[in-house]
Amino acid sequence: MERTAGRSPAATGHDAVGQFHTLHLFADWEMAVAMARLDRPDFNRWLESCVDAACEAFSEDADEYLISSHSMGSSVAAHVIGMLIERRPDVIEGKRVVFVTLGGAILQCALMAPAHALRARVGAIARAKEIFWFEVHCLTDAIHFYKTRVVALSGHPEARQPSIAYIKVKHMLSPDRYRRIRRNFLRVHRQYVLGPDVRAPFDFTLMTAGPLPAAAFAGFSQANIPAL
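Residues numbered from 1 in each chain as written. Predicted model: local features only at pLDDT ≥ 70, side-chain atom pairs only at ≥ 80, totals over all residues. Heavy atoms only, no water.

**Let's talk about the overall build of the protein**
When helices and strands are counted, the protein shows nine helices and four strands. In sequence order, the secondary structure elements of the protein are arranged as α-α-β-α-β-α-α-β-α-β-α-α-α. Over its C-alpha atoms the protein spans a radius of gyration of 19 Å, differing by no more than 12% from the 17 Å that the globule rule assigns to 228 residues. Taking all 228 residues of the protein together, the buried fraction comes to 43%. For the protein, the separation between the mean place of its 26 positive charges and that of its 23 negative charges on side chains is 9 Å. (Helix = DSSP H or I, 4+ residues; strand = E, 2+ residues; numbered from the N terminus. Rg over C-alpha atoms; globule rule 2.2 N^0.38 Å. Buried < 20%, exposed > 50% of the residue type's maximum accessible area, 1.4 Å probe, protein only. Lys, Arg positive; Asp, Glu negative; His and termini not counted. Charge placed at Lys NZ, Arg CZ, Asp CG, Glu CD.)

Spelled out as structure tokens, the structure:
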């Protein structure tokens, strides 16, 4: 991307961050359109490879199968899980599957007119009895769809809606760290998958690699913190 005319070659730290965010947003929307239209062979091949990997993972013995996704990754995950349900429903039959969307941006794609397949797959996931789906939302995260009902807005108001767990970043970090990051939208948006400084209702590492059932994190709150 060419430098803006008149800008000093030695960009300041703020300029560098601004450039990175701009490029990030362009790439994000390019991917969002591809996930809605499904007209990019490279993206479609990637989805197929993800489906194959998921089938292999479900073939292993486990007490619980956790699929976690963050931001735009939630659209990818919805496609992959939906494709599994369409093609190989036997793969998840009789299993306990938890699907967690963290700061999910499914609606960024699903609300586009061409996203017929994605909306259908969102409905299929919501209706799958083996899958417990919950979302993690945060009021101060400006890069997701706070308090929205993704299944209903995807055209399935009668289907089971995902539970929503609400978190506050300021309750997960030390006061000094929160003060330093709270105006950085991308940094706040990443906190879902980063470790907290203090005991908190949500901890990505504890959910994905700890001894507690992942579904339990749908019910934790500041007054009901995981006991470990």
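Now that the structure has been shown, we can carry on.
**Digging into empty space enclosed by the protein**
Tallied over the full model, the rule gives two cavities of 30 Å³ or more. Volume-wise, the largest cavity comes out at about 70 Å³. Gly104, Ala105, Ile106, Leu107, Glu135, His137, Phe145, Thr148 and Val150 are the residues that line the largest cavity. In terms of residue class, the lining of the largest cavity is built from five nonpolar, three polar and one charged. For the second largest cavity, the calculated volume is near 30 Å³. Taken together, Phe134, Val136, Ala165, Tyr166, Ile167, Pro201, Phe202, Phe217 and Phe220 make up the full set of residues lining the second largest cavity. Elements represented by at least two residues in the lining of the second largest cavity include exactly strand S3 (131-138) and strand S4 (163-167). Among the elements that take part in the lining of the second largest cavity, S4 stands out by supplying three residues, more than any other. Here the residues of the lining of the second largest cavity are counted per class, giving nine nonpolar, no polar and no charged. (1 Å grid on protein atoms, 1.4 Å probe; cavity = no way out; pocket = protein on both sides within 12 Å on 5 of 7 lines; lining within 4 Å. Points joined across faces, edges and corners; volume = space filled by probe spheres on them. Nonpolar A, V, L, I, M, F, W, Y, C, P; charged D, E, K, R; others polar.)

**Quick word on the state of the cysteines**
Counting across every chain of the model gives zero disulfides. Its sulfur unpaired, Cys50 is 11 Å from the next cysteine sulfur, which belongs to Cys55. Summary of cysteine pairing: Cys109 is not part of a disulfide, and the nearest cysteine sulfur, belonging to Cys50, is at 14 Å. (Disulfide = S-S within 2.5 Å.)

**Quick notes on unusual backbone geometry**
Despite not being glycine, Leu38 shows a phi value in the positive range, around 55°. As for its placement among the helices and strands, Leu38 is situated in the loop between helix H1 (13-37) and helix H2 (41-58). The class for Leu38 is partly exposed, based on a relative accessible area of 25%.

**Some points on the confidence of the model for the protein**
Within the protein, residue pLDDT values average 90, and 91% of them lie at 70 or more. Contacts of residues 1-18 to residues separated by more than four positions or lying in other chains number eight contacts, the stretch itself having pLDDT below 50. (pLDDT = per-residue confidence, 0-100. Contact = heavy atoms within 4.5 Å.)

**Observations regarding helix H3 (residues 73-87)**
Helix length check: H3, at 15 residues, gives a terminal C-alpha distance of 21 Å against a target of 21 Å (1.5 Å per residue), a fit within 8%. The buried count for H3 comes to eleven of 15 residues, which makes it a mostly enclosed element. Along H3, the positions that sit buried rather than exposed are Ser74, Ser75, Val76, Ala77, Ala78, His79, Val80, Ile81, Gly82, Met83 and Leu84. (Expected span 1.5 Å × (residues − 1).)

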